Amino acid sequence: MGCKGSKSAGVNAPFVAEAQPAQPATAPQKKGELPPGTEVLFVLGGPGSGKGTQCDRIVAKYGLKHLSAGDLLRDEVKSKSALGLELESIMKEGKLVPQETTIALLRKAMIGSGCQRFLVDGFPRALDQAKTFERTVCLPRLVLFFDCPLETMEERLLSRGKTSGRSDDNAETIKKRFKTFQEQSIPVVDYYEERGKVKKISAVPPPEEVFLEVQQVLEGLQAQQAGEAAGAAQAIAAENQTQAVGAMQVDAAPDTVPSTRTTDSGKRTTDSGKRTTDSGKQTTDTGKRTTDSDKRTTESGKRITESGAAALPADDATATTTATAASPAAEGTEGIREVKQRPSFVGIEDEVLAAKIEEASQAPTKMSADGSRSVVEMPADASSAALPAAA
Ligand SMILES: Nc1ncnc2c1ncn2[C@@H]1O[C@H](COP(=O)(O)OP(=O)(O)O)[C@@H](O)[C@H]1O
Ligand SMILES: Nc1ccn([C@H]2C[C@H](O)[C@@H](COP(=O)(O)OP(=O)(O)O)O2)c(=O)n1
């Protein structure tokens, strides 16, 4: 289900929204970049645990943009490019493709989709993949892990192999894939478990029963989001009110020292009970601290100083109010501020790595037998053939 060109997004569309098509980006997307507020749900599980089967159901019911790392890699193999041939031999060996290639494929498909909310299936399969994706794309909102015994997965894969045409669905490769899963992918589940992100679901029952569990998890996520949205709205309202009151107070007492009292911490407060910091910054009623990047100016442009003495002339100083980076922030226009929702997590943080991944998306790689990688010289006309066009 594509997002490009769709006009159906709600501004505050939840991550999972029943009976919705995959959501297009709600914020302007710069060319070649992910839209602000990009969100991802990882779907993990051993080979044959049923990730793809459940993803189909999730997409049908909730509408997220589904991206399967394995499918993206197989598409590359099908293209018969030099890179595709390299990938095929790695996958036949049950090994993992170098992370630059997989992340470049995923990132490109994400950007090209025009969507904002993604179900990423079969990724990350190793800790390096998880950490690099976090640095160069985004943090996952949640990780669904389909738990399944190896014997069950083996039976399923052998059965799938009768019709899948996949070169890795055979007894010999399956064994190698299980080894890779246990050695490299299980640590990813542990990593996200430590961060409280994993929802573990038994993948043994029939697909419809597994999906009942999946629905419970996703509906829990919806409820959590609704709570977060309500909390954020409250914080914004409280902050706006504080700002409006603060501006009025500063305007109302231009030339005199406001009467003050001292708190336990020794900070002086104005009559309104607003506390001023040494730097003259004002804290909000919600107790949110401020960062320099979030500085705003009140309508009067006047500042409450530590001495509480005469407010400075409007053209001389600024009063600032800030919010934590994690919370929705308001930005000043004129006095009473226009409110803007912040993305729930930061997008690209590491430009150098991002550039490396971009580079990997242009250059085929040469693999050695031990899985180490080097970039190979490409013919002048091959640069655009290294990756498939974005979905
Ligand atoms: N819960 C289930 N019970 C029985 N068979 C299943 C179940 N889920 C998936 N399968 C079957 O097992 C095979 C592997 O499922 P698939 O979704 O392709 O797994 P994965 O994407 O994890 O490799 C498929 O043939 C699929 O039809
Ligand atoms: N993040 C990933 C995902 C898949 N791969 C490679 C290695 C995997 O064995 C194959 C197939 O992955 P896919 O997720 O489609 O398949 P299974 O879960 O094994 O059924 O792709 C990878 O190297 N890195």
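Residues numbered from 1 in each chain as written. Chains lettered and ligands numbered in written order. Predicted model: local features only at pLDDT ≥ 70, side-chain atom pairs only at ≥ 80, totals over all residues.

## Concerning the overall build of the chain
So, step 1. Within the chain one finds nine helices and eleven strands.
So, step 2. By the burial criterion, 36% of the 391 residues in the chain qualify as buried.
So, step 3. For the chain, contacts bridging at least 24 residues in sequence account for 73% of all contacts bridging at least 6. (Helix = DSSP H or I, 4+ residues; strand = E, 2+ residues; numbered from the N terminus. Buried ≥ 20, exposed ≤ 12 C-beta atoms within 10 Å, placed from the backbone. Contact = placed C-beta atoms within 7 Å.)

## Focus on the confidence of the model for the chain
So, step 1. Here the chain averages 71 in pLDDT, and 57% of its residues register 70 or above.
So, step 2. Taken as a whole, residues 7–13 scores under 50 in pLDDT and shows nine contacts with residues more than four places along the chain or in a different chain.
So, step 3. In this model, residues 364–391 is a region of pLDDT below 50 whose contacts with residues beyond four sequence positions or in other chains number 47 contacts.
So, step 4. Scored as a complex, the prediction yields pTM 0.67 and ipTM 0.98. (pLDDT = per-residue confidence, 0-100.)

## As for the environment of Val120
So, step 1. Within the secondary structure, Val120 sits in strand 3 (residues 117–121).
So, step 2. Judged by the 25 C-beta atoms lying within 10 Å of it, Val120 is buried.
So, step 3. Note: C-alpha distance between Val120 and Met110 (ten residues apart in sequence) is 9.7 Å.
So, step 4. Every residue in contact with Val120, bar those within four places of it in the chain, is listed here: Val40, Phe42, Val43, Leu67 and Leu106.

## Here we look at the nonpolar core
So, step 1. Core analysis: the largest hydrophobic core is formed by 55 residues, its most contacted members being Leu106, Val120 and Leu144.
So, step 2. For this core, the element with the most residues is helix 4 (residues 99–113), which contributes seven residues.
So, step 3. Setting aside residues up to four positions removed in sequence, Leu106 forms contacts with Leu67, Ala69, Leu72, Val120 and Phe123. (Core = buried A, V, L, I, M, F, W, Y, C linked by C-beta atoms within 7 Å.)

## Some thoughts on the pairing of strand 2 (residues 65–68)
Each regular strand carries side chains that alternate between the two faces of the sheet.
So, step 1. Neither face of strand 2 is open: one carries Lys65 and Leu67, the other His66 and Ser68, and all of them are buried.
So, step 2. Relative to strand 3, strand 2 is paired through four bridges, and the arrangement is parallel. Note that in strand 3 the partner of Lys65 across the bridge is Phe118. (Pairing = 2+ DSSP bridges.)

## A word on the site of ligand 1
So, step 1. Ligand 1 sits among 15 residues. The nearest are Gly50, Lys51, Gly52, Thr53 and Arg156.
So, step 2. Across the shell around ligand 1, the residue classes break down as five nonpolar, seven polar and three charged. (Near = placed C-beta within 6 Å. Nonpolar A, V, L, I, M, F, W, Y, C, P; charged D, E, K, R; others polar.)

## Regarding the site of ligand 2
So, step 1. The local shell around ligand 2 holds 17 residues, among which Pro47, Ala69, Gly70, Val97 and Gly122 are the closest.
So, step 2. When grouped by side-chain class, the residues that make up the shell around ligand 2 number seven nonpolar, six polar and four charged.

## With respect to helix 3 (residues 82–92)
So, step 1. For helix 3, the full list of buried residues reads Leu83, Glu86, Leu87, Ile90 and Met91. Along the long axis of helix 3, the arc covered by the buried residues comes to 130 degrees, so they all point the same way.
So, step 2. Just past helix 3, the residue Gly94 takes up positive phi, approximately 75 degrees. (Arc of directions from axis to C-beta.)

## Details of the UniProt feature "binding site: a ribonucleoside 5'-phosphate" (unreviewed entry) in the chain
So, step 1. UniProt records the feature "binding site: a ribonucleoside 5'-phosphate" (unreviewed entry) at Arg74, Lys95, Leu96, Val97, Gly122, Phe123, Pro124, Arg125, Arg166 and Arg177, using the numbering of this structure.
So, step 2. Secondary-structure assignment places Arg74 in helix 2 (residues 69–78).
So, step 3. Residue position: Phe123 is located in the loop between strand 3 and helix 5 (127–136).
So, step 4. Residue classification places Phe123 among the buried positions, given that 27 C-beta atoms sit within 10 Å.
So, step 5. Residues in contact with Phe123, not counting those within four places in the same chain, are Phe42, Ala69, Thr102, Leu106 and Gln129. (UniProt positions renumbered as here; feature names shortened; annotations may be inferred.)

## Observations concerning the UniProt feature "binding site: ATP" (unreviewed entry) in the chain
So, step 1. Under the UniProt annotation, the feature "binding site: ATP" (unreviewed entry) is placed at Gly48, Ser49, Gly50, Lys51, Gly52, Thr53, Arg160 and Pro205.
So, step 2. Look at Lys51 and you get buried, because 23 C-beta atoms sit within 10 Å.
So, step 3. Discounting chain neighbours no more than four positions away, the residues touching Lys51 are Val43, Gly45, Asp121, Gly122 and Phe146.
So, step 4. By the element assignment, Thr53 lies in helix 1 (residues 51–62).

## Thoughts on the sheet that holds strand 2
So, step 1. Reading across the sheet, the five strands line up as 2-3-1-4-5 and stay open at both edges, with parallel pairing between neighbours. Of all strands in the sheet, those bounded by a partner on one side alone are strand 2 and strand 5 (198–202). Ignoring strand direction, the axes of neighbouring strands in this sheet form an average angle of 20 degrees.
So, step 2. Its contacts with the sheet put helix 1 on strand 1 (39–45), strand 2, strand 3 and strand 4 (140–147), and the angle it makes with strand 3 is roughly 165 degrees. (Axes fitted to C-alpha atoms, helices over the stretch in contact; angles between N-to-C directions.)

## A word on the packing of helix 4 against helix 5
So, step 1. For the pair helix 4 and helix 5, interaxial distance at closest approach is 10 Å and the crossing angle is 45 degrees. The pairing of helix 4 with helix 5 is recorded here as oblique in orientation. Judged by the sense of rotation from one axis to the other, the crossing of helix 4 with helix 5 is right-handed. Touching Gln99, Thr102 and Ile103 of helix 4 are Asp128, Gln129, Thr132, Phe133 and Thr136, all from helix 5. (Parallel < 35°, antiparallel > 145°, perpendicular 65-115°, else oblique. Left-handed = near helix turned anticlockwise from the far one by under 90°.)

## Section: the environment of Phe145
So, step 1. Here Phe145 lies in strand 4.
So, step 2. C-alpha of Phe145 to C-alpha of Ser202: the two residues are 57 residues apart in sequence and 8.4 Å apart in space.
So, step 3. If we ignore the near neighbours within four places in the chain, the residues touching Phe145 are Leu44, Gly45, Val189, Val198, Lys199 and Lys200.

## Looking at unusual backbone geometry
So, step 1. The step from Phe123 to Pro124 runs through a cis peptide bond, and the omega angle for that step is 0 degrees.
So, step 2. Checked against the element boundaries, Pro124 lands in the loop between strand 3 and helix 5.
So, step 3. Unusually for a residue other than glycine, Lys80 sits at a positive phi of about 60 degrees.
So, step 4. Following the sequence through the fold, Lys80 ends up in the loop between helix 2 and helix 3.
So, step 5. According to the C-beta neighbour criterion, Lys80 is exposed, with 11 such atoms within 10 Å.

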